[in-house]
Amino acid sequence: METKLEAAHLLDGVSRIHFIGCAGSGTYPLIQILAAKGYHITGSDVLEGSIPAYEREMGVKVTIGHSAENVKGADLVVYSAAIAADNVELAAAHEYGIPAVERSVMLGYVSRLYAGAVCVSGTHGKTTTTSLITTALELAGRDPSAVIGGKLPLIHGYGKCGKGDEIVIEACEFSETFLHLAPSIAVVLNIDNDHLDYYGTMGELKFAFKRFASLASKMVFANADDKNTMDVCGALEKPVCTFGIDAEKADFRAVNLSEPRPGFYAFDLQEKDTVTGRIALAVPGRHNIYNALAMCAVCRYLGLTAAECAAAADSFKGAGRRFEVYGECNGAVVVDDYAHHPTEIAATLKTAKELGYKRVVAVHQPFTYSRTKMLMDDFVRVLQIADVVVLTPILGSREVDDGSVKTADLAARIPGSVEVGSLGEAADWVKAHCGKGDLVITLGCGDVYKASKKMVGQTV
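Residues numbered from 1 in each chain as written. Predicted model: local features only at pLDDT ≥ 70, side-chain atom pairs only at ≥ 80, totals over all residues. Heavy atoms only, no water.

A word on the nonpolar core
Most often, soluble globular proteins keep nonpolar side chains buried together rather than apart.
For step 1, the next point in the chain: In terms of nonpolar packing, the biggest core is built from 49 residues, with Leu11, Ile17, Phe19, Leu34, Met106, Val110 and Phe178 touching the most fellow members.
For step 2, the next point in the chain: When sequence neighbours within four positions are dropped, the list of residues in contact with phenylalanine 178 reads Ser121, Ala171, Cys172, Glu173, Tyr199, Ala208, Phe209, Phe212 and Leu215.
For step 3, the next point in the chain: Within the second largest apolar cluster, 46 residues are counted, among which are Ala146, Ile245, Ile289 and Val298. (Core = buried A, V, L, I, M, F, W, Y, C linked by side-chain atoms within 4.5 Å. Buried < 20%, exposed > 50% of the residue type's maximum accessible area, 1.4 Å probe, protein only. Contact = heavy atoms within 4.5 Å.)

With respect to unusual backbone geometry
For step 1, the next point in the chain: Positive phi, normally seen in glycine, also occurs at serine 175, with a value near 55 degrees.
For step 2, the next point in the chain: Tracing the backbone through its elements, the reader meets serine 175 in the loop between strand 9 (166-170) and strand 10 (185-188).
For step 3, the next point in the chain: Here serine 175 falls in the partly exposed class, since its relative accessible area comes to 26%. (Helix = DSSP H or I, 4+ residues; strand = E, 2+ residues; numbered from the N terminus.)

Quick notes on helix 3 (residues 50-57)
For step 1, the next point in the chain: The set of residues buried in helix 3 consists of Ile51, Pro52 and Glu55. Taken end-on, helix 3 shows its buried residues confined to a sector of 100 degrees, consistent with a single buried face.
For step 2, the next point in the chain: The positive-phi residue at the C-terminal boundary of helix 3 is glycine 59, with phi of around 100 degrees. (Arc of directions from axis to C-beta.)

What to know about the packing of helix 6 (residues 126-139) against helix 11 (residues 306-315)
For step 1, the next point in the chain: Direction vectors running N to C along helix 6 and helix 11 enclose 120 degrees, while the axes themselves pass 9 Å from each other. Taken together, the axis directions place helix 6 and helix 11 in an arrangement best described as oblique. As for the relative orientation of helix 6 and helix 11, their crossing is right-handed in sense. Here helix 6 contributes Leu132, Thr135, Ala136 and Leu139 to the contact with helix 11, which in turn contributes Ala311, Ala312, Ala313 and Ser315. (Axes fitted to C-alpha atoms, helices over the stretch in contact; angles between N-to-C directions. Parallel < 35°, antiparallel > 145°, perpendicular 65-115°, else oblique. Left-handed = near helix turned anticlockwise from the far one by under 90°.)

Looking at the side chain of threonine 127
For step 1, the next point in the chain: You can see threonine 127 is positioned in helix 6.
For step 2, the next point in the chain: Judged by its relative accessible area of 4%, threonine 127 falls in the buried class.
For step 3, the next point in the chain: A polar contact of 2.8 Å, which involves the side chain of threonine 127, links it to the side chain of glutamate 170.
For step 4, the next point in the chain: Contacts of threonine 127, omitting those with residues within four sequence positions, involve Ile148, Gly149, Gly150, Glu170, Ala319 and Arg322. (Polar contact = N/O pair within 3.5 Å; in protein donor to acceptor, adjacent residues only side chain to side chain.)

Examining the packing of aromatic side chains
For step 1, the next point in the chain: Tallied over the full model, the rule gives 5 aromatic pairs.
For step 2, the next point in the chain: Both rings, one in tyrosine 28 and one in tyrosine 54, keep their centres 6.3 Å apart while their planes meet at 20 degrees; by these two values the pair is stacked. With tyrosine 28 in helix 2 (residues 28-36) and tyrosine 54 in helix 3, this residue pair connects regions lying 26 residues apart in the sequence.
For step 3, the next point in the chain: Owing to a relative accessible area of 38%, tyrosine 54 belongs among the partly exposed residues under this scheme.
For step 4, the next point in the chain: Above the plane of the ring of phenylalanine 264 lies arginine 261, whose end atom (NZ or CZ) is 3.7 Å from the centre. (Phe/Tyr/Trp six-rings, centres within 6.5 Å; stacked < 30°, edge-to-face > 60°. Lys NZ or Arg CZ within 6 Å of the ring centre and 35° of its normal.)

Topic: the packing of helix 10 (residues 287-301) against helix 11
Angle between the axes and distance between the axes: these two values describe a pair of packed helices.
For step 1, the next point in the chain: With their axes 9 Å apart at the nearest point, helix 10 and helix 11 run at an angle of 140 degrees to one another. Viewed along their axes, helix 10 and helix 11 adopt a mutual orientation that is oblique. Here helix 10 runs over helix 11; the crossing is right-handed. Residue-level contacts link Met295, Cys296, Cys299 and Arg300 of helix 10 to Ala306, Cys309, Ala312 and Ala313 of helix 11.
For step 2, the next point in the chain: A breakdown of the residues in the contact of helix 10 with helix 11 according to their chemical character gives 7 nonpolar, no polar and 1 charged. (Nonpolar A, V, L, I, M, F, W, Y, C, P; charged D, E, K, R; others polar.)

Encoded structure:
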């Protein structure tokens, strides 16, 4: 891991930066920011698409296909986590003596370029909360920069380079990547049993979050209703501001909750003992109250009014792949959601059940063999919240299939579930069995959204 000193001086003497995997949602915001700050950027990826097109409009030379020639002349090479260790451009950088760093190290450097780096961590809710904070600052005229894990319609992408003092960053705990960051404000939304294939134990996972929170130079914002979060943040030698619904001593509380329409919540924002405003959410689900509370707490600290926080909550209709409505299939409403951990799936399906549809049909793509095996009992329990469950093959991602767990193992324990052999088969099943009155929701952090597109007749 890069040290703080190395990260702080990463671009000393650097003028040209080459990105391997420049079309990724994680690399694109970095390219936007660094190009705007005057660096000469080149990049390569394997497929054309909207992101390479946007980058070319910015003056970035984008090459489709990887070649050793692409890195020649670069002072620094940045590669995404998806790039294999034997990638030809990465090998060429090593051969030519060009320093090469993973994308999270560059993100750590970028976080140091701003007076106010708001870094949002948590097992669940990072993208939504990062988007909400970005929305609030943007609508208030603060012109923030942002690096978000999902597409935010307000800024037409996964991030932006603003002229303001703040940058809002989604801080991911996977492989301790958030420890590269230099937050002035650190947000801890919750800590759940995810990525234990890397951390091994909940103790090690919580210790990583503690180290992240300890990096905050000004303030830590913590969910007072989440025991793991308070275990981590309760004893920090840092100023900590808490938010919650149930915790009566939280600095920011949601009180007087109501449900103006099924699945959509509103609450009074209470700061200490004073109600300062009424917040009405434009995204469904009780879990989003916590995300909105975190936004309010952070933005009030940054000087926004309660009314400006309310305006952000009212205008934010969701980020890409977060309960995103794709269209209809035979009259059934088709929604896609990134939920891939049992806690997230439970929250998403409970929200779906509150919306008044006759049936909720969940199309789930299990992600990684280790997670599916480790959390099998939890997946079985939460998927049964849906009325019908359709299961696709496990997406192994970075893992090799050792044959110890299969989708069939999950299907055998969920009464009435349907196992299909591909995303195309999942879409075909929905077309044959779903109609008006149904809500079909695809669940997973892989490419299960392609099934949603097939259902509504969009090009994949």
